[in-house]
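Here are the chains, one letter per residue:
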Amino acid sequence: MKQLVMKGPRTSEIIEVPMPVINDDQLLVKVTLTGMCHSEWYPWSVARPGDTFGHETVGVVAECGRNVKDFKVGDRVTGLGGGGYKEYIVMEPYKTCRVPDSLADEDAIVEPLACILSAGLKMAPAMIGDAIAVVGCGYMGLGTISLFKAMGYADIVAVDPRPEARENALAFGATAVYSPDQLPELSRLGWKEIKAPDLSRDGHKADIFNIGFPNVMEFSGTESGLQLAGDMVCAHGRLGIGGYHNDGPRTIDYKLWNYKALTSINCHERRIAYEAGLCRRALMLIERGIWKFTGVTRHFYNLDEFDRANEDMASHRDNFIKGAVRC
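Residues numbered from 1 in each chain as written. Predicted model: local features only at pLDDT ≥ 70, side-chain atom pairs only at ≥ 80, totals over all residues. Heavy atoms only, no water.

Asks: How should I be thinking about the pairing of strand E9 (residues 155-159) in this particular structure?
Replies: Where a strand is regular, its side chains alternate between the two sheet faces. Of all the five residues making up E9, four are buried; the element is thus mostly covered by neighbouring parts of the structure. Pairing geometry for strand E8 (residues 131-135) and E9, over five bridges, is parallel. Bridging across to E9, Ile132 finds its partner in Ile156. Between the parallel elements E8 and E9, the chain passes through helix H3 (residues 139-151) in a crossover that is right-handed. (Buried < 20%, exposed > 50% of the residue type's maximum accessible area, 1.4 Å probe, protein only. Helix = DSSP H or I, 4+ residues; strand = E, 2+ residues; numbered from the N terminus. Pairing = 2+ DSSP bridges. Right-handed = clockwise from strand over helix to strand, strands pointing away.)

Asks: I'm lost on the pairing of strand E15 (residues 322-326) in this one. Help?
Replies: Of all five residues that make up E15, four are buried, and the element is covered over most of its length. Note that strand E3 (residues 27-35) and E15 share three bridges and pair antiparallel. Bridge pairing in E15 links Gly35 to Ala324. Pairing analysis gives five bridges linking strand E14 (residues 297-302) to E15, with the strands arranged parallel. In the strand pairing of E15, Thr297 is matched with Lys322. Regarding the hand of the β-α-β motif, the stretch spanning E14, helix H9 (residues 306-315) and E15 is right-handed.

Asks: Would you explain the state of the cysteines in this entry?
Replies: Two cysteines whose sulfur atoms are joined by a covalent bond form what is called a disulfide. Going through the model one piece at a time under the given rule, you end up with zero disulfides. Left without a disulfide partner, Cys137 is nearest to the cysteine sulfur of Cys267, which lies 16 Å away. For Cys137, a relative accessible area of 1% gives the class buried. Free of any disulfide, Cys234 has its nearest cysteine sulfur in Cys267, 16 Å distant. (Disulfide = S-S within 2.5 Å.)

Asks: It is not clear to me how H3 should be interpreted in this structure. Could you clarify?
Replies: Residues lying three or four places apart along an α-helix face the same way, a consequence of the helix completing one turn every 3.6 residues. The first and last C-alpha atoms of H3 sit 18 Å apart over 13 residues, in line with the 18 Å expected at 1.5 Å per residue. Along H3, the residues that are buried comprise Tyr139, Gly141, Leu142, Gly143, Thr144, Ile145, Ser146, Leu147 and Phe148. Each element contacted by the buried residues of H3 is listed here: helix H2 (110-122), E8, E9, helix H4 (163-171), strand E11 (213-218) and E15. At the exit of H3 stands Gly152, carrying a positive phi of roughly 110°. (Expected span 1.5 Å × (residues − 1). Contact = heavy atoms within 4.5 Å.)

Asks: Before we go on, may I ask you to explain the nonpolar core in this structure?
Replies: Side chains of nonpolar character tend, in soluble globular proteins, to be buried together. With 46 residues, the main nonpolar core has Leu113, Ile145, Phe148, Met217, Trp291 and Phe293 as its most contacted residues. Counting residues per element, this core draws most heavily on helix H8 (residues 272-287), which supplies seven residues. For Phe148, the residues in contact, after removing those within four places along its chain, are Gly120, Met123, Ile132, Val134, Tyr153, Ile156 and Met217. (Core = buried A, V, L, I, M, F, W, Y, C linked by side-chain atoms within 4.5 Å.)

Asks: Just to check I follow, could you spell out the pattern of salt bridges for this structure?
Replies: Pairing is possible between side chains that carry opposite charge, provided their charged atoms lie close to one another. Tallying each qualifying case throughout the model produces 16 salt bridges. When salt bridges that share partners are traced, they join Glu305, Arg308, Asp312 and Arg317 into one network. (Salt bridge = Lys/Arg side-chain N within 4 Å of Asp/Glu carboxyl O.)

Asks: What am I meant to see in the packing of aromatic side chains here?
Replies: Two aromatic rings, taken as a pair, are described by how far apart their centres are and by the angle between their planes. Under the definition given, this model contains eight aromatic pairs. Their ring planes at 45° and their centres at 5.9 Å tell us that Trp191 and Tyr259 sit as a pair that is tilted. Here the residue Trp191 occupies a position in helix H5 (residues 191-194), and Tyr259 occupies one in helix H7 (residues 254-260), the gap between them amounting to 68 residues. Exposure remark for Tyr259: the relative accessible area of 17% places this residue in the buried category. Summarising the aromatic geometry, the rings of Trp291 and Phe293 are spaced 6.1 Å apart at their centres and angled 10° between planes, so their arrangement reads as stacked. Of the two residues, Trp291 and Phe293, neither departs from the other in class, the shared state being buried. Put simply, the rings of Tyr139, Phe172, Trp291 and Phe293 pair up and form one aromatic cluster. Across from the ring centre of Tyr88, 5.7 Å away, lies the NZ or CZ of Lys30, which sits over that ring. The aromatic ring of Tyr139 is capped on one face by Lys322, whose charged end is 4.6 Å from the ring centroid. (Phe/Tyr/Trp six-rings, centres within 6.5 Å; stacked < 30°, edge-to-face > 60°. Lys NZ or Arg CZ within 6 Å of the ring centre and 35° of its normal.)

Okay, structure coming up:
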């Protein structure tokens, strides 16, 4: 079967490898689509020979192990694991879920949906009608905006330097959009706004509880985006960090975060069984129309176009939000 592997930085090739063999408790899945995840862009750009990528798969069950009860050959499935940029993968039933008949393959790429749902649960509103800001309006940010709308946030302020990203944010539920350099007054609580930090317990020189936002979700994956998100949190507010920061260390003003007594929440999830449950819940929410997040994956590529696809993702060509590779 065909599998995509890296020859080196930014250069892939397609090789022939043996078909995988499943045991009695596994599924063999013929991959139809693998979603492109921006977390793999940096590893692709510095790849070593033999590196492989892909973790957002949708496919059709081609073979079931004799002990598998909940799936049959021909079922359309998605889930976690297996590796995606190849023709066939092995999946574990507990990490696999059926694709609802009403959803297109591209709308059922469930792994990132589970990640978004995990972040949403960690940043759930304390009260219906709360306000939140989202920094970074790529695929994950847009999914979070649409989920926050379904969860009961009222004012959802989206921040992104790209005009098309801001337009996308409005389409998915943002109530206001800004570029980082055009944020309204009182949107940031930095040292300038704090004025003279006072640790005497005699009060504050500025209204630090009403400058900035009580809830800020970061999905930029960049140092500047993370810094901005931290600046936008008011005193005793919450900062959810959902961007995957894998291209080097990050510098933040932790003294400022310290002084503001903000709560920093790492919105990533590593409990596999828990996230598998989120996969099923995400598909249910989308199938029922509770979470309105379909029609987002609009750029499709063949395996031999993988490198161009990554360049398109980096440059946001033609309003690129999310791409998928046909296997």
